[in-house]
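Chain by chain, the residues run as shown.
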Amino acid sequence: MSLPLSGHHVALLLGGLSSEREVSLSSGKECGAALERLGAKVSYVDAGRDLAQVLTALKPDVVFNALHGEWGEDGCVQGILETLQVPYTHSGVLASALAMDKAKAKAVMAAAGVTVPGGGLFNRHVAAADHVMAPPYVIKPNAEGSSVGVFIVREGANRPPQELVSPQWTFGEEVMIEPYIRGRELAVAVMDGKALSVTDIIPQTEFYDYEAKYAAGGSVHVVPAEIPKHAFEKALELSELAHAALGCRGVTRSDLRYDDINDILVLLEVNTQPGMTPTSLAPEQAAHKGVDFERLVLWITEDAYARGDAGGVASSSEAPGQNAR
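- The protein chain appears in an unreviewed UniProt entry as D-alanine--D-alanine ligase from Phenylobacterium haematophilum.
- Word for word, the UniProt comment on the protein chain under Subcellular location (unreviewed entry) is "Cytoplasm".

The following block contains the structure:
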């Protein structure tokens, strides 16, 4: 009996040009190994500016996009893949670009009824000169992921972080500044439009930063989150609503904050290409629903084929998110 992807050539995009390159290399390694176990011929492509030429020469049946961050997750690579007319995983050009721009994504989600934090965009030099809102508040780049370049300005802080005006700052001229929401860090994976579960993330560092997300032992994940039922259901509902409002496809992960003392739940952002590393949240939630890593990777690939009219892969199962609740 042949494996589900036998005879299929998958170009796996990993690495890339963003500050999240190392995370992408880890995601790509895990996904590539799963694709090979499923019988696919996998071409590993460290995505650079010559991506169009490389893919034209490879002639893959489908592209599995394991890139994260700028250029790989913001609509740019998706535009190249659309031009080449090759099926690819995850969200399309518009949804990718929109979700990556935190300010624009918040406006769209708020208009759709998603509860989001207040705040807005500020020039980094203005933000470094004086407090633009009363602490505590959060400063983050407007178009980065993996908590890169994020600062929490605590109550009583004399002045904002001066790293914002450092010569080493490479995260753009505008930063998003939002009120700090105390409480729990939550995450919800959405697959095929349906939320899987809610994870309560307990970081072992000061907050859920890059190290907490990707280092072994950096955080503890509680699945399902042990929060009140109404908050759990609301987290699922907001994540599905945000996924739809941004026009996302395939698998996404929403990040939320829950103030369990004042019962305030807000959705911070939607990640259109969630991490697929050993410590990543989306694979953990899929596993909690009985979907192992290989089946998850297979479904993501099948979904790309289905949208790309490439035929070829017979659907092995229903979307894991269909019976998530």
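1. A few points about the overall build of the protein chain
Inference 1: Looking only at helices and strands, the protein chain features 10 helices and 12 strands.
Inference 2: Each of the 325 residues in the protein chain was classed as buried or not, and the buried ones make up 54%.
Inference 3: Partitioning the contacts of the protein chain with sequence separation of at least 6, the portion at a separation of at least 24 is 69%.
Inference 4: Taken as a whole, the protein chain presents about 13600 Å² of accessible surface, with 52% of it coming from carbon and sulfur.

2. Points about the packing of aromatic side chains
Inference 1: The full count for this structure, using the stated rule, is 2 aromatic pairs.
Inference 2: Plain terms: the ring middles of phenylalanine 151 and tryptophan 169 are 6.4 Å apart, the flat faces sit at 25° to each other, and that makes the pair stacked. Separated by 18 residues along the polypeptide, phenylalanine 151 in strand E6 (residues 151–153) and tryptophan 169 in the loop between E6 and strand E7 (174–179) bring together distant segments of the chain.
Inference 3: Considering the side-chain rings of tryptophan 169 and phenylalanine 171, the 4.9 Å spacing of their centres and the 80° angle between planes classify their relative orientation as edge-to-face. With respect to burial, tryptophan 169 and phenylalanine 171 carry one shared label: buried.

3. Points about the UniProt feature "active site" (unreviewed entry) in the protein chain
Inference 1: In this numbering, the UniProt entry assigns the feature "active site" (unreviewed entry) to Glu20, Ser146 and Ser280.
Inference 2: Relative to the helices and strands, serine 280 is located in the loop between strand E12 (264–271) and helix H9 (281–288).
Inference 3: Overall, the relative accessible area of 6% leaves serine 280 in the buried class.
Inference 4: At 3.1 Å, the side chain of serine 280 and the backbone oxygen of glycine 275 are in polar contact.

4. Examining the packing of helix H4 (residues 93–100) against helix H5 (residues 102–111)
Inference 1: Remark: H4 packs on H5, axes separated minimally by 5 Å, with the N-to-C direction vectors making an angle of 105°. The pairing of H4 with H5 is recorded here as roughly perpendicular in orientation. Contacts between H4 and H5 involve Leu98, Ala99 and Met100 from the former and Lys102, Lys104, Ala105 and Val108 from the latter.
Inference 2: Classifying every residue of the contact of H4 with H5 by side-chain character gives 5 nonpolar, no polar and 2 charged.

5. Section: the environment of valine 188
Inference 1: Looking at the secondary structure, you find valine 188 in strand E8 (residues 184–191).
Inference 2: Residue valine 188 is classed as buried on the basis of its relative accessible area, which comes to 0%.
Inference 3: When the C-alpha positions of valine 188 and valine 270 are compared, they lie 9.4 Å apart, and in sequence the two are 82 residues distant.
Inference 4: Ignoring anything within four residues of it in the chain, the contact list for valine 188 reads Ala195, Ser197, Val198, Ala235, Leu236, Ser239, Thr252, Arg253, Ser254, Leu256 and Gln285.

6. Things to note about the nonpolar core
General note: in soluble globular proteins, nonpolar side chains tend to be found buried as a group.
Inference 1: Counting residues in each nonpolar core, the largest one holds 28 residues, and the members touching the most others are Leu12, Leu35, Phe64, Leu296, Val297 and Ile300.
Inference 2: Looking at this core, the elements with two or more residues in it are strand E1 (9–14), helix H1 (21–37), strand E3 (62–65), E8, H9 and helix H10 (293–308).
Inference 3: If you tally residues by element for this core, the top one is H10, at 7 residues.
Inference 4: Counting only domains with at least three residues in this core, you end up with domain 1 (9–89 + 291–307) and domain 2 (98–116 + 182–272).
Inference 5: Not counting chain neighbours up to four residues away, the residues in contact with leucine 12 comprise Gly28, Cys31, Gly32, Leu35, Val42, Ser43, Tyr44, Val45, Phe64 and Ala66.
Inference 6: Formed by 27 residues, the second largest nonpolar core is a distinct cluster that contains Ala95, Val188, Val190 and Ala235.

7. What about the confidence of the model for the protein chain?
Caution is warranted with low-pLDDT regions, since their predicted coordinates should not be read in detail.
Inference 1: A residue-level look at the protein chain finds 88% of positions with pLDDT of 70 or above and a mean pLDDT of 90.
Inference 2: Per-residue pLDDT stays below 50 along residues 208–214; that stretch engages in 30 contacts with residues further than four places along the chain or on separate chains.
Inference 3: This stretch, residues 321–325, has a pLDDT under 50; its non-local contacts, to residues over four places away or in other chains, come to 13 contacts.

8. Section: H5
Inference 1: Buried within H5 are the following residues: Lys102, Ala105, Lys106 and Met109. For H5, the arc enclosing every buried residue in end-on projection is 100°, short of the 170-degree limit, so these residues lie on one face. Exposed and oriented more than 90 degrees from the buried face of H5 are Lys104 and Ala111.
Inference 2: Looking at the buried side of H5, the elements it contacts are H4, strand E5 (137–141), E7, helix H8 (229–245) and E12.

9. Quick look at H8
Inference 1: Under the 1.5 Å per step criterion, the end-to-end length of H8 is 24 Å for 17 residues, consistent within 8% with the ideal 24 Å.
Inference 2: Burial in H8 covers these residues: Ala231, Phe232, Ala235, Leu236, Leu238, Ser239, Glu240, Ala242 and His243.
Inference 3: Residues of H8 that are buried sit in contact with H5, E8, strand E9 (194–203), strand E11 (251–259) and E12.
Inference 4: The first or second residue beyond H8 is glycine 247, which carries a positive phi of 75°.

Calculation rules
Residues numbered from 1 in each chain as written. Predicted model: local features only at pLDDT ≥ 70, side-chain atom pairs only at ≥ 80, totals over all residues. Heavy atoms only, no water. UniProt positions renumbered as here; feature names shortened; annotations may be inferred. Helix = DSSP H or I, 4+ residues; strand = E, 2+ residues; numbered from the N terminus. Buried < 20%, exposed > 50% of the residue type's maximum accessible area, 1.4 Å probe, protein only. Contact = heavy atoms within 4.5 Å. Areas by Shrake-Rupley, 256 points an atom, 1.4 Å probe, with all protein chains shown as cover. Phe/Tyr/Trp six-rings, centres within 6.5 Å; stacked < 30°, edge-to-face > 60°. Polar contact = N/O pair within 3.5 Å; in protein donor to acceptor, adjacent residues only side chain to side chain. Axes fitted to C-alpha atoms, helices over the stretch in contact; angles between N-to-C directions. Parallel < 35°, antiparallel > 145°, perpendicular 65-115°, else oblique. Nonpolar A, V, L, I, M, F, W, Y, C, P; charged D, E, K, R; others polar. Core = buried A, V, L, I, M, F, W, Y, C linked by side-chain atoms within 4.5 Å. Domains from an automatic or database assignment. pLDDT = per-residue confidence, 0-100. Arc of directions from axis to C-beta. Expected span 1.5 Å × (residues − 1).

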